Amino acid sequence: MTSLNRDSWLASLRASIAEISPAEALARQAQGSFLIDVREDGERASGLPLGAVGVSRGFLELRIEQLLPDRNHPVLLLCGSGQRSLLAAEALQRMGYQQVFSVAGGFQRWKAEGLPVAQGALDTDAAERYARQLQLPQVGEAGQAKLTSARVVLLGAGGLGAPAALYLAAAGVGQLTLIDDDRVERSNLHRQVIHADARVGMAKTESARIALAALNPRVRVEIRNERLQADNVERLLADHDLVIDGADNFPARYLIAAASQRLRLPMVYGAVERFTGQVSVFDPRRADSPCYRCLFPEPPAAADAPNCSEAGVLGVLPGIVGLLQATEALKLILGIGEPLVGRLLNFDALAMRFRETRLPRDPACPGCGTGATFKGYEDLVQLCASAG
């Protein structure tokens with residue numbers, strides 16, 4: 001398009017679309033008009049008009065009905081210099097929005113006139129890195145800020161912890177704390193995809209830290225080369241927002257379950273065996289939530305619950321279950337969707353079938369029931385030992 005044609009085109013748009021000054025836009029915003037900044041995420045990283053909602057021009061038509069279903073509500077559109085906002089206004093008019101205005105001069109003029117500006121929550125790197133999930137109305141910049149401030153502790157940097165950690169880091173969860181006292185073995189690599197052949201023999205926590213730093217250096221990774229025990233469980237889990245259970249033994253799970261109850265820390269449970277897996281969420285902040293011991297009041301005998309080294313496991317299965325755990329963790333952090341509270345999700349890889357089972361809170365549960373008494377973490381370890 002030549003300069004002359006472009007100028008003529010913009011002139012025709014201005015003839016059909018009302019333009020207002022930034023000062024008038026601010027006044028109308030105070031009276032209830034909806035101000036949308038249609039610049040790209042990276043452009044808004046340096047700031048945007050106070051109270052404006054950021055929606056990139058290319059996604060405006062897809063998101064506007066979620067943001068503003070009332071087509072009679074006044075809409076103010078702002079871009080960098082006042083041209084893209086004209087195009088955006090024309091698009092909204094075609095969609096039936098009746099009161100659409102373009103802010104003349106865009107954000108450049110807004111700032112030059114000293115009007116109030118909110119600092120962008122994201123820098124350029126973050127805006128580009130998380131661009132696809134920022135487009136989701138359920139996430140956006142506010143949700144990304146929640147993810148950035150979240151602290152998740154993962155018990156185990158193995159089959160379940162590996163995929164969960166990778167995707168939580170990729171999503172921008174601010175701090176991941178990895179608890180594991182094991183070392184990488186070659187037999188781990190078919191399912192524990194966070195590790196590599198060159199790191200066989202290295203501590204799993206350190207191997208995982210290397211992979212996570214390479215994926216997203218913005219995430220803080222804390223490592224704890226310790227075995228979860230009665231005397232350290234609360235210390236290791238405290239000061240986090242939720243715990244992802246990637247344990248491969250019942251003593252650890254019972255310790256996590258008890259600490260989760262005492263610290264009021266949501267526990268995202270996952271388990272795998274051979275070709276099957278299961279996932280649930282135990283959230284002690286909710287009065288209707290069961291706990292782990294509603295599912296397993298007493299630990300089963302070791303012969304009835306073999307671990308992966310004894311029973312075997314299809315390599316992709318922990319990946320599927322770990323990703324489901326990561327999904328539940330993100331939902332809890334963002335406060336969106338319906339978490340798996342009171343529901344046990346079972347997966348059968350051979351049949352490629354998911355089956356959901358109700359898991360109500362048990363009034364007689366020894367962990368969270370009305371008559372439950374906590375006798376100490378050592379008693380839980382002894383309970384599991386007697387079952388084995």
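Residues numbered from 1 in each chain as written. Predicted model: local features only at pLDDT ≥ 70, side-chain atom pairs only at ≥ 80, totals over all residues. Heavy atoms only, no water.

### Here's the deal with the environment of Ala372
1) Next: If you trace the backbone, Ala372 turns up in the loop between strand E15 (353-358) and helix H17 (377-387).
2) Next: Residues within four places of Ala372 in sequence aside, it is in contact with Cys365, Pro366 and Gly367. (Helix = DSSP H or I, 4+ residues; strand = E, 2+ residues; numbered from the N terminus. Contact = heavy atoms within 4.5 Å.)

### With respect to helix H9 (residues 140-149)
Because the α-helix completes a turn every 3.6 residues, residues three or four places apart line up on one side.
1) Next: By the burial criterion, the buried members of H9 are Gly140, Gly143, Gln144 and Leu147. Across the axial projection of H9, the buried residues extend over an arc of 100°, all falling on one side. Facing away from the buried side of H9, by more than 90 degrees, are the exposed residues Ala142 and Ser149.
2) Next: The inward-facing, buried residues of H9 abut helix H8 (131-134), helix H10 (161-171) and helix H16 (316-334). (Buried < 20%, exposed > 50% of the residue type's maximum accessible area, 1.4 Å probe, protein only. Arc of directions from axis to C-beta.)

### A few points about the side chain of Gln29
1) Next: Residue position: Gln29 is located in helix H2 (residues 22-30).
2) Next: Setting aside anything within four residues of it in sequence, one finds Gln29 in contact with Leu35, Leu50, Gly51, Ala52, Leu76 and Trp110.

### Thoughts on the environment of Asp245
1) Next: Mapped onto the secondary structure, Asp245 falls in strand E11 (residues 242-245).
2) Next: In this structure Asp245 touches Leu155, Leu160, Arg253, Ile256, Met267, Val268, Tyr269, Gly270 and Gln325, once residues within four positions along its chain are discounted.
3) Next: Within the structure, the side chain of Asp245 is placed 2.6 Å from the side chain of Arg253, a separation counted as a polar contact. (Polar contact = N/O pair within 3.5 Å; in protein donor to acceptor, adjacent residues only side chain to side chain.)

### Points about the nonpolar core
1) Next: Residues Val152, Leu176, Leu212 and Ile244 are the most contacted members of the largest nonpolar core, which totals 41 residues.
2) Next: For this core, the leading source of residues is H16, giving seven residues.
3) Next: Those residues in contact with Leu212, other than ones at most four positions away along the chain, are Ala165, Leu166, Ala169, Leu176, Leu178, Ile194 and Val221.
4) Next: One finds Leu155, Leu236, Leu344 and Tyr377 within the second-largest nonpolar core, a separate group that totals 30 residues. (Core = buried A, V, L, I, M, F, W, Y, C linked by side-chain atoms within 4.5 Å.)

### A look at the sheet that holds strand E4 (residues 53-54)
Hydrogen bonding along the main chain pairs the strands of a sheet, whether they run parallel or antiparallel.
1) Next: Taken in spatial order, the five strands of this open sheet run E1-E6-E5-E2-E4, and their pairing is parallel. Each end of this open sheet is capped by a strand with a single partner; those strands are strand E1 (18-20) and E4.
2) Next: Where strand E5 (residues 75-78) meets strand E6 (residues 100-103), three bridges bridge the pair, whose relative direction is parallel. Paired with Val75 across the bridge in E6 is Val100.
3) Next: Across the face of the sheet, H2 comes into contact with E1, strand E2 (34-37), E5 and E6 while running at roughly 95° to E1. (Pairing = 2+ DSSP bridges. Axes fitted to C-alpha atoms, helices over the stretch in contact; angles between N-to-C directions.)

### So, the pairing of strand E10 (residues 220-224)
1) Next: Of the pairings in the sheet, the one linking strand E9 (residues 175-179) to E10 comprises five bridges and is parallel in character. Following the sheet pairing, Thr177 is matched in E10 by Glu222.
2) Next: Crossover handedness for the path E9 to helix H11 (residues 204-215) to E10: right-handed. (Right-handed = clockwise from strand over helix to strand, strands pointing away.)

### Observations regarding the domain arrangement of the protein
1) Next: For the protein, the domain assignment lists domain 1 (6-113) and domain 2 (128-365).
2) Next: Each of domain 1 and domain 2 has a C-alpha centre, and these two points are 42 Å apart.
3) Next: Contacts between domain 1 and domain 2 engage six residues on the former and six residues on the latter.
4) Next: For the pair domain 1 and domain 2, the summed buried surface comes to about 580 Å²; carbon and sulfur atoms form 43% of the total.
5) Next: By the criterion of area lost to domain 2, the three top residues of domain 1 are Asp41, Phe59 and Arg63, representing 67% of everything that side buries.
6) Next: Where domain 1 packs against domain 2, one counts zero salt bridges. (Domains from an automatic or database assignment. Buried area = accessible area lost by both parts, 1.4 Å probe. Salt bridge = Lys/Arg side-chain N within 4 Å of Asp/Glu carboxyl O.)

### Digging into a nonpolar patch on the surface
1) Next: Together, Phe275, Leu314, Val316 and Leu350 make up an exposed nonpolar region whose accessible area comes to about 380 Å².
2) Next: Exposure remark for Leu350: the relative accessible area of 64% places this residue in the exposed category. (Patch = residues over 30% accessible without salt bridge, like charges linked within 9 Å, V, L, I, M, F, W, Y side chains within 5 Å. Areas by Shrake-Rupley, 256 points an atom, 1.4 Å probe, with all protein chains shown as cover.)

### Quick look at H16
1) Next: Helix length check: H16 (19 residues) gives 27 Å between terminal C-alpha atoms against 27 Å at 1.5 Å per residue, within 8%.
2) Next: Of the residues making up H16, those classed as buried are Leu317, Pro318, Val321, Gly322, Gln325, Ala326, Glu328, Ala329, Lys331, Leu332, Ile333 and Leu334.
3) Next: Following H16 by one or two positions, Gly335 has its phi on the positive side, about 70°. (Expected span 1.5 Å × (residues − 1).)

### Some details on the sheet that holds strand E13 (residues 276-282)
1) Next: Strands sit in the order E10-E9-E8-E11-E12-E13-E14-E15 across an open sheet of eight strands; the sheet is mixed. Every interior strand has two partners, whereas the edge strands, E10 and E15, have only one. Taking the axes of each pair of neighbouring strands and ignoring which way they run, one obtains an average angle of 15° across the sheet.
2) Next: Relative to E11, strand E8 (residues 151-155) runs parallel, the two sharing four bridges. Pairing of Leu155 across the sheet is with Asp245, part of E11.
3) Next: Along the sheet, helix H13 (residues 250-263) contacts E8, E11, strand E12 (267-273) and E13; its crossing angle with E12, the most-contacted strand, is approximately 165°.
4) Next: Sitting on the sheet, H16 touches E8, E11, E12, E13, strand E14 (343-348) and E15, and the angle it makes with E12 is about 170°.

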